[in-house]
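Each chain, written out:
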Amino acid sequence: MTARRPTISDVARHAGVSKGAVSFALNGRAGVSEETRQRILASAAELGWSPNHRARALSTSRAFSLGLVIARDPDLLGADPFFPAFIAGVEKVLAERDQTLVLQVVTSPAAEEAGYRRLARDGRVDGVFVVDLRRADPRIALLEEIGLPAVTLNRPDVPSPFPAVILDDRPGIAAAVAHLTGLGHTAIAHVAGPDVFLHAIARRDAFLQAMTDAGLQEGQVVAGDFTAAGGREATQRLLTGSYRPTAIVYANDVMALSAIAVAAELGIRIPEDLSITGFDDTTIAAYVHPALTTVRADARSWGEAAATALLHLADGHDVVDTTLPPAELVLRRSTSAC
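These notes cover the structure that comes with them. Every value quoted in this text rests on a predicted model; they were computed, and no experiment measured them.

## What about the overall build of the protein?
Phase 1 of the analysis: Broken down by element type, the protein carries 13 helices and 12 strands.
Phase 2 of the analysis: Here the C-alpha coordinates of the protein stretch approximately 80 × 40 × 40 Å along the principal axes.
Phase 3 of the analysis: Within the protein, the fraction of its 338 residues that count as buried is 47%.
Phase 4 of the analysis: Partitioning the intrachain contacts of the protein with sequence separation of at least 6 by distance along the chain shows that 67% fall at a separation of at least 24.
Phase 5 of the analysis: Carbon and sulfur atoms make up 53% of the accessible area of the protein, which amounts to about 16,000 Å² in all.
Phase 6 of the analysis: Computed over 32 positive and 39 negative side-chain charges, the separation of the two mean positions in the protein equals 6 Å.

Encoded structure:
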């Protein structure tokens, strides 16, 4: 026979308090003293009590889950270091609330829209994270239409009723260019991300502005796709073309790391003949040879802040934009004087 699941009533009897006090304590709400809260938590642990999410959802119309829909090729997604770190930050916050993340990976705009509509229709999540903001992003109007609460990563370029968690990439790119010009470089190129993404556009524009601020010509910008293959192709074009830069600023670490192999194949030494910088400060960036100078954007902290904001929004609170510390340059050994 299956043992009966302990209930809130059992915890209340064991701790010698009311069911209301147990509810306050287990949900982290004010209304009980700290001594009583600890006694209730100890009783719950001793009895092996755990929340019944199905019952909670039926009684409160809550799913106790948050959603993340990622529109990426699954084969490419695994190579992107941002999402594992971001999700780790989200999961850290959700674990503390005993809630879950519902993740969907889609490969087309139609599948993406259908995914959001299904999440809303089925009541599977209490809100969603909107990542990889795009030009005139249609998801903002869609989520408003279907009534699904959301938090965006940075502000979209269209009117949005949703709070944003903001991490400014631009100071990091500007610092990378200033570092390179300080080393004497004037022929500096940029390998950008896809210009459908607002963060790729922001990094490209920050590069161009930094070159202007340094009194230099804009420098060559080559489109990449945030993948190693795309970074490799862009690097080959730059290093074998008529415009030969002495330094390259990459829009992410994955593309920058691919440049190390390309340079070696062409007999170009890093950093003696070519300086490179990345963006993201992935774990491997510090362990390649030479260690990669890069821009650090704390994706894990971004995930924690976004999850905290979305949970507050799901709880019915007013939530304003959250601004995180901006991206910053991390100096290592892939840059040197020209």
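Having seen the model, we can carry on.
## Describing helix α7 (residues 109–122)
Phase 1 of the analysis: If you check α7, its first and last C-alpha atoms are 20 Å apart, about what 14 residues at 1.5 Å a residue would give, namely 20 Å.
Phase 2 of the analysis: Taken as a whole, α7 has its buried residues at E112, G115, Y116 and L119. Buried residues of α7, seen end-on, are gathered within an arc of 90° and therefore sit on one face of the element. In α7, the exposed positions angled more than 90 degrees off the buried face are occupied by A110 and R121.
Phase 3 of the analysis: Where α7 is buried, its residues meet β1 (65–71), β2 (100–106), β3 (128–130) and α8 (138–146).

## A short note on helix α10 (residues 198–213)
Phase 1 of the analysis: Given a rise of 1.5 Å per residue, 16 residues ought to cover 22 Å, and the 22 Å separating the end C-alpha atoms of α10 matches this to within 8%.
Phase 2 of the analysis: By the burial criterion, the buried members of α10 are L198, H199, A200, I201, R203, A206, F207, L208, A210 and M211.
Phase 3 of the analysis: The secondary structure elements touched by the buried residues of α10 are α9 (170–182), β6 (188–192), β7 (221–223) and β8 (247–250).

## Let's talk about the sheet that holds strand β9 (residues 275–277)
Phase 1 of the analysis: Read across the sheet, 4 strands follow the order β7-β6-β8-β9 without closing on themselves; strand pairing throughout is parallel. A strand with exactly one partner marks an edge of an open sheet, and here the two such strands are β7 and β9. With direction set aside, neighbouring strand axes in the sheet form an average angle of 20°.
Phase 2 of the analysis: Of the strand pairs in this sheet, β6 and β8 are connected by 4 bridges, and their pairing is parallel. Considered in β8, the bridge of V191 is made with Y250.

## Side note on the packing of aromatic side chains
Phase 1 of the analysis: This structure, assessed with the given rule, holds 4 aromatic pairs.
Phase 2 of the analysis: Plain terms: the ring middles of F82 and W302 are 5.8 Å apart, the flat faces sit at 80° to each other, and that makes the pair edge-to-face. With a gap of 220 residues between them, F82 in helix α6 (residues 82–96) and W302 in helix α13 (residues 299–314) connect regions that are remote in the sequence. The burial state of F82 is the same as that of W302; both residues are buried.
Phase 3 of the analysis: The structure contains a cluster of three or more aromatic residues connected by ring pairs, namely F82, F83, F86, F129 and W302.
Phase 4 of the analysis: Above the plane of the ring of F279 lies R203, whose end atom (NZ or CZ) is 3.8 Å from the centre.

## With respect to the nonpolar core
Phase 1 of the analysis: In this structure, L68, F86, F129, V165, F207 and W302 are the most contacted members of the largest nonpolar core, which totals 42 residues.
Phase 2 of the analysis: The set of elements that each furnish at least two residues to this core consists of β1, α6, β4 (150–153), α9, α10, β8 and α13.
Phase 3 of the analysis: Beyond its immediate sequence surroundings of up to four residues, F207 is in contact with I173, V177, I188, A189, H190, E218, Q220, V221 and V249.
Phase 4 of the analysis: Grouped together as the second largest cluster of nonpolar side chains are 25 residues, A189, M255, I260 and V262 included.

## Some thoughts on the sheet that holds strand β11 (residues 322–323)
Phase 1 of the analysis: The strand order across the open sheet built from 6 strands is β2-β1-β3-β4-β5-β11, with neighbouring strands paired in parallel fashion. The open sheet is flanked by β2 and β11, the only strands paired with a single partner.
Phase 2 of the analysis: Bridging between β1 and β2 involves 7 bridges; their strand directions are parallel. Note on β2: the bridge partner recorded for L68 is L103.
Phase 3 of the analysis: Set on the sheet, α13 makes contact with β1, β3, β4 and β5 (164–166); between it and β4 the angle comes to about 155°.

## Focus: the packing of α7 against α8
Phase 1 of the analysis: Two numbers describe how α7 lies on α8: the axes approach to 10 Å, and their chain directions differ by 25°. Between α7 and α8, the interaxial angle falls into the category roughly parallel. Crossing hand, α7 versus α8: right-handed. Only R139, L142, L143, E145 and I146 of α8 make contact with α7, whose side of the interface consists of E112, E113, Y116, R117 and A120.
Phase 2 of the analysis: When its residues are assigned to classes, the contact of α7 with α8 shows 5 nonpolar, no polar and 5 charged.

## A short note on the side chain of T152
Phase 1 of the analysis: Take T152: it is sitting in strand β4.
Phase 2 of the analysis: Residue T152 is classed as buried on the basis of its relative accessible area of 0%.
Phase 3 of the analysis: One polar contact links the side chain of T152 to the main-chain carbonyl oxygen of N154, over a distance of 2.8 Å.
Phase 4 of the analysis: Ignoring any residue separated from it by four or fewer positions in sequence, one finds T152 in contact with V130, L133, I140, P163, A164 and V165.

What counts, and where the lines are drawn
- Throughout, a residue's number is its position along its own chain's written sequence, starting from 1.
- With the structure being a predicted model, the display of local features is reserved for residues of pLDDT at least 70 and the display and counting of side-chain atom pairs for 80 or more, all residues being used for whole-chain, interface and lining totals.
- Side-chain measures here rest on the full set of heavy atoms in the structure, leaving out hydrogens and waters.
- Here a strand is any run of E in DSSP of at least two residues, a helix any run of H or I of at least four, and the numbering for each starts at the N terminus.
- Relative accessible area decides the class of each residue, using a 1.4 Å probe on protein chains only: under 20% of the type maximum gives buried, over 50% gives exposed, and in between gives partly exposed.
- Residue contacts follow a heavy-atom distance rule, with two residues in contact if any of their heavy atoms lie within 4.5 Å.
- Using a 1.4 Å probe, accessible areas were evaluated by the Shrake-Rupley method; residue-level cover was limited to the displayed protein chains.
- Asp and Glu count as negative and Lys and Arg as positive, but His and the ends of the chain are not part of the count.
- Charge coordinates come from a single atom per side chain, which is NZ of Lys, CZ of Arg, CG of Asp or CD of Glu.
- Multiplying 1.5 Å by the helix residue count minus one yields the expected span of that helix.
- To be clear, the arc concerns the directions from the helix axis to the C-beta atoms.
- A strand pair is defined by DSSP finding two or more bridges across the two strands.
- Lines are fitted to the C-alpha atoms to define the axes, a helix being fitted only along its stretch in contact, and any angle between axes, read from their N-to-C directions, falls within 0 to 180 degrees.
- Within 6.5 Å between ring centres, the rings of Phe, Tyr and Trp (the latter by its six-membered ring) count as paired, and their orientation is classed by plane angle as stacked under 30 degrees, edge-to-face over 60, tilted in between.
- Cation placement over rings: the criterion is NZ of Lys or CZ of Arg within 6 Å of the ring centroid and within 35° of the ring normal.
- As used in this record, nonpolar core signifies buried Ala, Val, Leu, Ile, Met, Phe, Trp, Tyr and Cys residues forming a set joined through side-chain atoms within 4.5 Å.
- If an angle is under 35 degrees, it is roughly parallel; if it is over 145, roughly antiparallel; if it lies from 65 to 115, roughly perpendicular; otherwise it is oblique.
- In a left-handed crossing the near helix is turned counterclockwise from the far helix by less than a right angle, and in a right-handed crossing that turn is clockwise.
- Three residue categories are used. Nonpolar comprises Ala, Val, Leu, Ile, Met, Phe, Trp, Tyr, Cys and Pro, charged comprises Asp, Glu, Lys and Arg, and polar comprises the others, including Gly.
- Under the rule applied, a polar contact is a pair of N or O atoms within 3.5 Å (in protein, one hydrogen donor and one hydrogen acceptor; residues adjacent in sequence only if both atoms are side-chain atoms).

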